[in-house]
Amino acid sequence: MTTILVTGGTGTLGRLVTERLRADGHEVRVLSRHTRPYAVDLRTGGAGLDAALAGAETVVHCASTQGGGDDRAARNLLAAARRAGVGHLVYISIVGVDRVPMGYYRTKLAVERLIEESGLGWTVLRATQFHDLLVTLFERLAKSPVLAVPAGVPDQPVEVAEVAGRLVELALGAPAGRVPDMAGPEVRGLDSLARAYLRATGRRRPVVRVPLAGGTYRAFRSGGHLAPDRAVGEVTFEEYLAARFGGSPTGGPA
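Caption draft 1: Just a nonpolar patch on the surface, in detail. Where nonpolar side chains cluster on the molecular surface, the patch consists of Val146, Val208, Val210 and Leu212 and spans about 270 Å² of accessible area. By secondary structure assignment, the location of Leu212 is in the loop between β10 (207-210) and α8 (215-221).

This is how it looks when you write it as structure tokens:
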């Protein structure tokens, strides 16, 4: 069986990737800042990173932070992977990193380019936002008496377990370069998704659409983060909500 290192292996996506690979009988090493024996901060690297990569054939790079430093982390990881003779690095990116002028997206695009130029065998998968991220957003917004969302912004959320399954498939295959994007089954307005969240959680809040300004807002409003031609995910937002909060996946777009 293959020895695979999963960075960010305790996170929302990395944990599922790790579980699936281990279930298939592969030796999986989990790298995160606080998980021994491979407790490593990729932004600083060091001997611990070299130890984690020693003998690994494949790396699935799921670690990421919106706090900054992903490009520095990637440089450290790629350098260590070259020293270790890693044959394949799989990276999860985001649909729209080349179209949405947001700092985090620009950094993800920079990491893609570092990987492409690394000299390693590589595969990059871009996915749309996970259902979990929307719930986190709506939970925060619902703390106010009114749930305000950016006006006219659509989204196409995808089930994280389906993305994990695709990453496992890619990790066990040969380096494939940039593979087709992976997006959820429905393009929906944020206001519609917010109402679905409120129904599922039994909360009562008016949903208000607020117009914003700026290039990032315009890019999101025009659908720069969507991939309607790659709606390969199967789990809808209502189905995800029903599994997480109970109840039946009813309601649909509104």
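Caption draft 2: Molecular detail of the pattern of salt bridges. Tallied over the full model, the rule gives 14 salt bridges. A salt bridge links Arg126 to Glu112, with the nearest nitrogen and oxygen atoms 2.8 Å apart. Here the residue Arg126 occupies a position in strand β5 (residues 122-127), and Glu112 occupies one in helix α4 (residues 103-116), the gap between them amounting to 14 residues. A residue is classified by how much of its surface remains accessible, and Arg126, at 4% relative accessible area, is buried. For Asp191, the salt bridge identified is with Arg195, shortest N-O distance 3.4 Å.

Caption draft 3: Expanded view of helix α7 (residues 190-201). Taking 1.5 Å of rise per residue, 12 residues should cover 16 Å, and α7 covers 16 Å from first to last C-alpha, within 8% of that figure. Elements in contact with the buried residues of α7: α5 (131-141), β6 (147-150), β7 (154-155), β9 (188-189), β10 and α9 (237-245). Where α7 ends, the next residue or the one after it, Gly202, has phi of about 70°, a positive value.

Procedures and definitions
- Residues numbered from 1 in each chain as written.
- Predicted model: local features only at pLDDT ≥ 70, side-chain atom pairs only at ≥ 80, totals over all residues.
- Heavy atoms only, no water.
- Patch = residues over 30% accessible without salt bridge, like charges linked within 9 Å, V, L, I, M, F, W, Y side chains within 5 Å.
- Areas by Shrake-Rupley, 256 points an atom, 1.4 Å probe, with all protein chains shown as cover.
- Salt bridge = Lys/Arg side-chain N within 4 Å of Asp/Glu carboxyl O.
- Helix = DSSP H or I, 4+ residues; strand = E, 2+ residues; numbered from the N terminus.
- Buried < 20%, exposed > 50% of the residue type's maximum accessible area, 1.4 Å probe, protein only.
- Expected span 1.5 Å × (residues − 1).
- Contact = heavy atoms within 4.5 Å.

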